[in-house]
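One letter stands for each residue in the lines below.
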Amino acid sequence: MSAFPNVVPFEGLAQEDGSAFYGGAECFYEVLGFRRPRKGEFYLSGAVVAAYRAKSDLAQEFHVVRPTYYARRVTSYERGREVTS
């Protein structure tokens, strides 16, 4: 499973605050198995991996996933060298 990113966008899933987001909310996820997704389940697919919701039962097998936590981008700073001028 290490070939997949830890966080992927989930098609059609609203953000944590309930707002819509193009491409879907980015979430951590749990893999439920490698099988044929059933209608309404999310599955991983694409060259740039994303989770898509199956519109009907699919005939092809995929990694079926469930969103577990919303992902938040965090930027932080650390102290660099002292400014001397």
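Turning our attention to the overall build of the chain. If you tally the helices and strands in the chain, you get zero helices and five strands. For the chain, the sequential pattern of α-helices and β-strands runs β-β-β-β-β. A compact globule built from 85 residues should have a C-alpha radius of gyration of about 12 Å, whereas the chain, at 17 Å, is more than 25% larger. Along the first, second and third principal axes, the C-alpha set of the chain runs to 65 × 30 × 20 Å. Here the chain holds 85 residues, and the buried ones make up 24% of them. Restricting to contacts in the chain with at least 6 residues of sequence separation, those with at least 24 account for 49%. As presented, the chain carries roughly 6700 Å² of accessible surface, and 50% of it is formed by carbon and sulfur atoms. With 11 positive and 10 negative side-chain charges, the chain shows a spacing of 3 Å between the two charge centroids.

The next subject is the side chain of Glu-41. Looking at where Glu-41 falls in the secondary structure, it is placed in the loop between β2 (25-35) and β3 (42-45). Relative accessible area serves as the criterion here: at 16%, Glu-41 is assigned to the buried category. Only 2.7 Å separates the side chain of Glu-41 from the backbone nitrogen of Arg-38, close enough to count as a polar contact. Here Glu-41 is in contact with Arg-35, Arg-36, Tyr-52, Arg-53, Ala-54 and Val-64, once residues within four sequence places are set aside.

As defined by bridge partners, β2 adjoins strand β5 (residues 62-70) across eight bridges and the pair is classed as antiparallel. Looking at the pairing, Cys-27 lines up with Tyr-70 of β5. The pairing of β3 with β5 spans three bridges and is classified as antiparallel. From the neighbouring strand, Tyr-43 faces β5, where its bridge partner is Val-64.

Listed in full, the 11 residues of the largest apolar core are Val-8, Phe-10, Leu-13, Ala-25, Cys-27, Tyr-29, Phe-42, Leu-44, Val-49, Ala-51 and Val-65. Considering every element that reaches this core, the biggest residue donor is β2, with three residues.

Regions with low pLDDT carry predicted coordinates that are not meant to be interpreted in detail. Overall, the prediction assigns the chain a mean pLDDT of 89, with 98% of residues at 70 or greater. By mean pLDDT, the top-scoring element of the chain is β3 (97), and the lowest-scoring one is strand β1 (residues 7-10) (94).

On to the environment of Ala-54. One can find Ala-54 in the loop between β4 (50-53) and β5. If we ignore the near neighbours within four places in the chain, the residues touching Ala-54 are Pro-37, Arg-38, Lys-39, Gly-40, Glu-41 and Tyr-43.

The rules we used
Residues numbered from 1 in each chain as written. Predicted model: local features only at pLDDT ≥ 70, side-chain atom pairs only at ≥ 80, totals over all residues. Heavy atoms only, no water. Helix = DSSP H or I, 4+ residues; strand = E, 2+ residues; numbered from the N terminus. Rg over C-alpha atoms; globule rule 2.2 N^0.38 Å. Buried < 20%, exposed > 50% of the residue type's maximum accessible area, 1.4 Å probe, protein only. Contact = heavy atoms within 4.5 Å. Areas by Shrake-Rupley, 256 points an atom, 1.4 Å probe, with all protein chains shown as cover. Lys, Arg positive; Asp, Glu negative; His and termini not counted. Charge placed at Lys NZ, Arg CZ, Asp CG, Glu CD. Polar contact = N/O pair within 3.5 Å; in protein donor to acceptor, adjacent residues only side chain to side chain. Pairing = 2+ DSSP bridges. Core = buried A, V, L, I, M, F, W, Y, C linked by side-chain atoms within 4.5 Å. pLDDT = per-residue confidence, 0-100.

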